[in-house]
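Chain and residue survey
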Amino acid sequence: MVKLVSSDKEEFDVAMEVVEQSVLLTKMAAGHGESDEAISLPEVTGRVLAKVIEYCEQHKSDQKLDADDRDDVPKSSEDILQWDKDFMKVDQDMLFGLLLASNYLDIKPLLDLGCKTVANMIRGKSAEEIREKFNITDEFTEEEQDLINKEKDWAEDN
């Protein structure tokens, strides 16, 4: 077992086969050897880490792919297992927490799943709908937007 400690000091005892889903944690665990010393994860909250562990538990027996084999994996955002779809039915804070954590912990399949989920959320939406969905403020004033539109029209005419 490997002890993981989140940024908010929540502790998790995790089986090595689960830890091995993460490139970063695998390297850190190897560096700790047989020590009982906990691995501190200052970039991941306990709430998000619990969800990451849940994902890794579910996928611990999945075939690990090397870089060459990953090219054969379907990349369509439609190719998502039902368990994974249900797993990703989370609020936006958790979704983006999972994206950040999977990137930080180097869990490529979870990062891919998060990106596919976001892609599905924005598919077919206008820029304004996307801004509204993700609470993104339009950083341009009305005058700046008019200037951009004029420049865009000029570029499209040529």
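Residues numbered from 1 in each chain as written. Predicted model: local features only at pLDDT ≥ 70, side-chain atom pairs only at ≥ 80, totals over all residues. Heavy atoms only, no water.

This part is about the overall build of the protein. From N to C terminus, the protein includes eight helices and three strands. Taken from N to C terminus, the helices and strands of the protein fall in the order β-β-α-α-β-α-α-α-α-α-α. Within the protein, buried positions represent 29% of all 158 residues. Counting only contacts in the protein whose residues sit at least 6 apart along the sequence, the fraction spanning at least 24 positions is 65%. Element-wise, carbon and sulfur atoms account for 50% of the exposed surface of the protein, whose accessible area totals about 10600 Å². (Helix = DSSP H or I, 4+ residues; strand = E, 2+ residues; numbered from the N terminus. Buried < 20%, exposed > 50% of the residue type's maximum accessible area, 1.4 Å probe, protein only. Contact = heavy atoms within 4.5 Å. Areas by Shrake-Rupley, 256 points an atom, 1.4 Å probe, with all protein chains shown as cover.)

As a further point, take the confidence of the model for the protein. When pLDDT is averaged along the protein, the result is 86; 86% of the residues meet or exceed 70. When mean pLDDT is compared element by element in the protein, helix H3 (residues 46-58) scores highest at 97, while helix H8 (residues 142-157) scores lowest at 76. (pLDDT = per-residue confidence, 0-100.)

Let's shift gears to the sheet that holds strand S2 (residues 11-14). By way of backbone hydrogen bonds, the strands of a sheet pair with one another, either parallel or antiparallel. Across the sheet, three strands lie side by side as S2-S1-S3; this open sheet has mixed pairing. Lying at the two open borders of the sheet, with one neighbouring strand each, are S2 and strand S3 (39-40). Relative to S2, strand S1 (residues 2-5) is paired through four bridges, and the arrangement is antiparallel. Bridge pairing links Val-5 to Glu-11 in S2. (Pairing = 2+ DSSP bridges.)

Looking now at the packing of helix H5 (residues 92-105) against helix H6 (residues 108-122). Here H5 crosses H6 at 145°, and the two axes come no closer than 8 Å. Relative to H6, the crossing made by H5 is left-handed. On the side of H5, the interface is formed by Leu-95, Phe-96, Leu-99, Ser-102 and Asn-103, while H6 contributes Leu-110, Leu-111, Gly-114, Cys-115, Thr-117, Val-118 and Met-121. (Axes fitted to C-alpha atoms, helices over the stretch in contact; angles between N-to-C directions. Left-handed = near helix turned anticlockwise from the far one by under 90°.)

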